[in-house]
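Residue-level structure breakdown
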Amino acid sequence: DKRFASGLDFFEKIAVQDLKNGWLQKNDDELARYIIERYPQFSTPPLDERSKHLRRLFVRMLKGGGRGHIGSTLSLIEILRVLYDDILKFDAKNPAWKERDRCVLSKGHGCLALYAILADKGFFPMEELDKFCRVNGILGGHPEYGKIPGVEASTGALGHGLSIGLGMALAARIGKQSHKVFVL
């Protein structure tokens, strides 16, 4: 399809335009349905209830902050879901637990997906999602290590998370630690 020749940039431009044209007047469920129905290519195969719930959290942040990288978030949310639901070892109440697995989001502009998962898992209160990109919130346009519980590295520039993750993995190997490091 020629409309998608420039990749997700086109998708994000349409979505931002849609936000300006009144999306923010809809409730979260309607908005999530609208995204899924309008852009089915980003929602196949059919989403289960868990995926829909996480996408609603993402929409909640869009609504609260009025901005965000939509395509990047939608391309990550199911990958992060599988990692945090089925693979990673972590303790949301003790984010600095030494034996935890690490997940570095190199594609920092997809942070809304990470924030949705972290809030859902209890790393910070759900109310923080409503303060996305607000002065009184902890969630910014890119993840910040030390500010947001569960974030392993401050990222944003594409690709630098790989070297951070590699350093973490090498340090774990040298230190004879058993945790794993994942980089997206």
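Scroll up to find the structure.
Everything in this summary refers to the structure shown in the same document. Quick caveat, the model's predicted, so the values are computed rather than measured.

What follows concerns the environment of G156. Along the chain, G156 turns up in the loop between α5 (111–121) and α6 (160–174). Put simply, G156 and C111 are 45 residues apart on the chain and 9.0 Å apart in space, counted from C-alpha to C-alpha. For G156, the contacting residues outside a window of four places in its chain are S106, G108, H109 and H142.

The next subject is the packing of aromatic side chains. If you walk through the whole model with that rule in mind, you get three aromatic pairs. Pairwise contacts between aromatic rings join Y84, F90 and F123 into one cluster.

This next bit is on unusual backbone geometry. In the Ramachandran plot, C133 falls in the positive-phi region, its phi being about 60 degrees despite a non-glycine side chain. By secondary structure assignment, the location of C133 is in the loop between α5 and α6. Although it is not a glycine, K176 sits at a positive phi angle of roughly 55 degrees. Assignment of secondary structure puts K176 in the loop between α6 and β2 (181–183).

All right, on to the packing of helix α4 (residues 70–87) against α5 then. The interhelical angle for the contact between α4 and α5, taken along N-to-C directions, is 35 degrees, at an axis separation of 8 Å. By crossing handedness, the relation of α4 to α5 is classed as right-handed. Between α4 and α5, the contacting residues are T73, L76, I77, L80, R81, Y84 and D85 on the first element and L112, A113, L114, I117, L118 and K121 on the second.

Together, L166, L170 and I174 make up a nonpolar patch on the protein surface, roughly 330 Å² of accessible area in all. Inspection of the secondary structure assignment puts L166 in helix α6. Its relative accessible area of 51% is what places L166 among the exposed residues.

Cut-offs and rules
Residues numbered from 1 in each chain as written. Predicted model: local features only at pLDDT ≥ 70, side-chain atom pairs only at ≥ 80, totals over all residues. Heavy atoms only, no water. Helix = DSSP H or I, 4+ residues; strand = E, 2+ residues; numbered from the N terminus. Contact = heavy atoms within 4.5 Å. Phe/Tyr/Trp six-rings, centres within 6.5 Å; stacked < 30°, edge-to-face > 60°. Axes fitted to C-alpha atoms, helices over the stretch in contact; angles between N-to-C directions. Left-handed = near helix turned anticlockwise from the far one by under 90°. Patch = residues over 30% accessible without salt bridge, like charges linked within 9 Å, V, L, I, M, F, W, Y side chains within 5 Å. Areas by Shrake-Rupley, 256 points an atom, 1.4 Å probe, with all protein chains shown as cover. Salt bridge = Lys/Arg side-chain N within 4 Å of Asp/Glu carboxyl O. Buried < 20%, exposed > 50% of the residue type's maximum accessible area, 1.4 Å probe, protein only.

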